[in-house]
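Here's the letter readout for the chains.
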Amino acid sequence: MARSTSPLPDPIRERAEALLTELCTISSATGENEGVRRVAARLAREFSRHGLRCEIREVPDNGSTSPVLVASGPRAGRHPLLLLGHLDTVLPACPPSRTGERLVGTGALDMKAGFVMLVAALDLLAQRGERPPLDLLVVAVPDEEAEGRVSEMAARHFSSGARAVLVLEPGERRGSRETLVVGRRGLTEWRLELTGRAAHSGLAFWEGRSALLAAAEWCGQAHRLSRPGRGATVNMARLLAGTHDFVDALPAGARLLGTSSQRNVVPDRAIVEGETRFLSLAQGSRIVARLAQLADRLSQRRGVTATLNIGTTIQPVDPCGAGAELVQRTVELAAARGFELEIEDDRGGVSFPNFLAEPSRIPVVDGLGPVGGGMHTREEFVDLASLARRSLLLADLLSFLCDHLVPTKKGPHRARPRPGGRGKGG
Ligand SMILES: [Zn+2]
């Protein structure tokens, strides 16, 4: 039976599966703060068993407050080992069910199983007579699945100074293998504004300077900067062009659509909005500079003014950054247990690691959580065999991080207090 081949002892495995079922029955969709608090309180009870000091902080959020669970080891000071996850789910809960190794439940995969994995790892360490790292700091946030204001703030705040960050979000299944995540793309938003010269298309066509034509040319050129694989990409999300009274007063101008009005005018206004995504800040700067250069050249060639305004930037997690070696070490720890892991160096969506204080300088292991499928749907499930494997892996990783500095390419960067030793504390 599967029971005897599980990498977890039966009592720990059974406890973990029961806890996951229980957590999945608590409805904690983003904004259902009572449910989110109940999940936080239930997890706090589990973490407290392992000597973590648990506190559910009420954080101001849009005129109200939202709960953030903070569970700290005795020496979680300014340079903690930070574990991050979210308590909320996309859908409100339906009763969970189990078929074989599949547990179907709302938020089972994303990401209640991630926290259960942590509880099972702590149970396993306790059974081995080991303690978790004394500087452990677990932070569970309430709104990652929606706008994520509290999540972003908490990730930034608690990660400043962290010696390493472990993210309990799910990995992915790839054939017979599962993944860990090392790289996440960042993005920069931009807006291109063009002004040309209006002219009658019948009487003075060649005197006009079409902002629309220039915008379309720029879009084509900008798109061709996109590269597959690890290259940067440029997405034109909106293109609006026409006469300035159409573009600059769009709600009123929209009545022109489908009519003959102003079709006889060379359009003098255009706006293009979009974003570029990249895997390193250097790559991001290069592509933004190229976009500006294209705008300059075009304005000269087409006789229009073109201004590229740069908006918000969300930092990438560089797959070759500080996390690469710790991820490699995690893969080795898995291999020592006969568990083959693949590295995802280019996960597209923005998530926790992008909001860390310094995403490419803090060693991050992301996607540590068990795999499954149907994320954010009524069919969402977690693979319980993966939950068991990854609980064992997390126990081994925490054990490793008790005794080792975090490896980085620049060499070990911070000492941390050893269990039972006389670390700096505070
Ligand atoms: Zn998630």
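Fair warning: this is a prediction, and the values are worked out from it, not measured in the lab.

Quick notes on the rules
Counting from 1, residues in each chain are numbered in the order their sequence is written. In view of the model being predicted, local features appear only for residues whose pLDDT reaches at least 70, and side-chain atom pairs are presented and counted only at 80 or more, with totals across whole chains, interfaces and linings using the full set of residues. When buried Ala, Val, Leu, Ile, Met, Phe, Trp, Tyr and Cys residues are joined through C-beta atoms within 7 Å, the set is termed a nonpolar core. Whether a residue is buried, exposed or partly exposed is read from the other C-beta atoms within 10 Å of its own C-beta, which are placed from the backbone; 20 or more gives buried, 12 or fewer gives exposed, and intermediate counts give partly exposed. The way it works is that DSSP assigns letters per residue, a run of H or I at least four long becomes a helix, a run of E at least two long becomes a strand, and they are numbered from the N terminus. Once C-beta atoms have been placed from the backbone, residue pairs whose C-beta atoms lie within 7 Å are recorded as contacts. Directions drawn from the helix axis to the C-beta atoms are what define this arc. On a scale of 0 to 100, pLDDT captures the predictor's confidence in every residue.

Bringing the nonpolar core into the picture now. One finds Val116 and Val139 to be the most contacted residues of the largest nonpolar core, which totals 87 residues. With 14 residues, the single largest contributor to this core is helix H4 (residues 108–128). Discounting chain neighbours no more than four positions away, the residues touching Val139 are Val68, Val70, Leu82, Leu84, Ala154 and Phe158. Ranked by size, the runner-up nonpolar core spans 25 residues in total, among them Leu212, Val234, Ala241 and Val304.

Of the positions making up helix H5 (residues 149–159), those classed as buried are Val150, Ser151, Ala154, Ala155, Phe158 and Ser159. End-on, the buried residues of H5 take up no more than an arc of 130 degrees, which puts them together on one face. In the core, the buried residues of H5 are packed alongside strand S1 (53–61), strand S2 (64–72), strand S3 (81–86), strand S6 (136–141) and strand S7 (164–167). Positive phi shows up at Gly161, right after H5, with a value of about 95 degrees.

Bringing the confidence of the model for the protein into the picture now. For the protein, the average pLDDT comes to 92, and 94% of its residues sit at 70 or higher. Confidence drops under a pLDDT of 50 for residues 407–426, and excluding neighbours within four residues, the segment shows 36 contacts in the predicted structure.

Moving on: the environment of Glu207. You can see Glu207 is positioned in the loop between strand S10 (186–195) and helix H6 (211–223). It is 54 Å that separates the C-alpha atoms of Glu207 and Val150, two residues lying 57 residues apart in sequence.

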